Amino acid sequence: VQLQASGGGLVQAGGSLRLSCAASGRTFSKYNLGWFRQAPGKEREFVAAIKWRGESTYYADSVKGRFTISRDNVENTVYLQMNSLKPEDTAVYYCAADAGGGTYYYASPSEYDTWGQGTQVTVSS
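Report follows, based on the coordinates. (Residues numbered from 1 in each chain as written. Predicted model: local features only at pLDDT ≥ 70, side-chain atom pairs only at ≥ 80, totals over all residues. Heavy atoms only, no water.)

Describing the side chain of Thr77
With respect to the helices, strands and loops of the structure, Thr77 is situated in strand β8 (residues 77-82). Looking at Thr77, its side chain comes within polar contact range of the main-chain oxygen of Glu75, at 3.0 Å. Among residues more than four places away in sequence, those in contact with Thr77 are Ser20, Cys21, Ala22, Phe28, Ser70, Arg71 and Asp72. (Helix = DSSP H or I, 4+ residues; strand = E, 2+ residues; numbered from the N terminus. Polar contact = N/O pair within 3.5 Å; in protein donor to acceptor, adjacent residues only side chain to side chain. Contact = heavy atoms within 4.5 Å.)

Here you go:
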């Protein structure tokens, strides 16, 4: 599977953005999917994840209640709806796919086999 992230941009604090990650490949529906972000000078950090059937979602504490991850296995796309954005949400956001098998360590970057190119989100105060 290959991933293409989009939807980033500049938004004021309190605003919203929806990121999309379009995937190619017929086995998209079998992948667990995650969103990570990386701010300048910081390590890549987990944001949200969703299992392959969409039956389970996971969030970092810092975004819980503000961000929502969802997927459309017909459109081969995973979304990240981001509301009530804060300046500290500023980062490059990456989508990632995990082929599955075994325990799903959703918050670990090393769990994921494939990464998209990233999309910049900037939140001004």
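Describing the environment of Ala91
In this structure, Ala91 sits in strand β9 (residues 91-98). The exposure class assigned to Ala91 is buried, which follows from its relative accessible area of 3%. With 17 residues separating them along the chain, Ala91 and Val74 place their C-alpha atoms 29 Å apart. The residues contacting Ala91, other than those within four sequence positions of it, are Arg37, Gln38, Ala39, Thr119, Gln120 and Val121. (Buried < 20%, exposed > 50% of the residue type's maximum accessible area, 1.4 Å probe, protein only.)

Let's talk about the nonpolar core
Formed by 36 residues in total, the largest nonpolar core has its most connected members in Trp35, Val47, Phe67, Ile69, Leu80, Met82 and Tyr93. Elements supplying a minimum of two residues to this core: β1 (2-6), β3 (17-24), β4 (32-38), β5 (45-50), β7 (67-72), β8, β9 and β11 (119-124). Residues contacting Met82, with those up to four places away along its chain left out, are Gly15, Ser16, Leu17, Leu19, Arg66, Phe67, Tyr93 and Val121. (Core = buried A, V, L, I, M, F, W, Y, C linked by side-chain atoms within 4.5 Å.)

Remarks on unusual backbone geometry
Where the residue is not glycine, phi is negative for most of them; where a peptide bond is considered, it is trans in most cases. The phi angle at Asn76 is positive, at roughly 55°, despite the residue not being glycine. When you line up the elements, Asn76 lands in the loop between β7 and β8. Phi is positive for Ser84, which is not a glycine, with a value near 50°. Mapping Ser84 onto the fold places it in the loop between β8 and β9.

None of this, on its own, says anything about what the molecule does.
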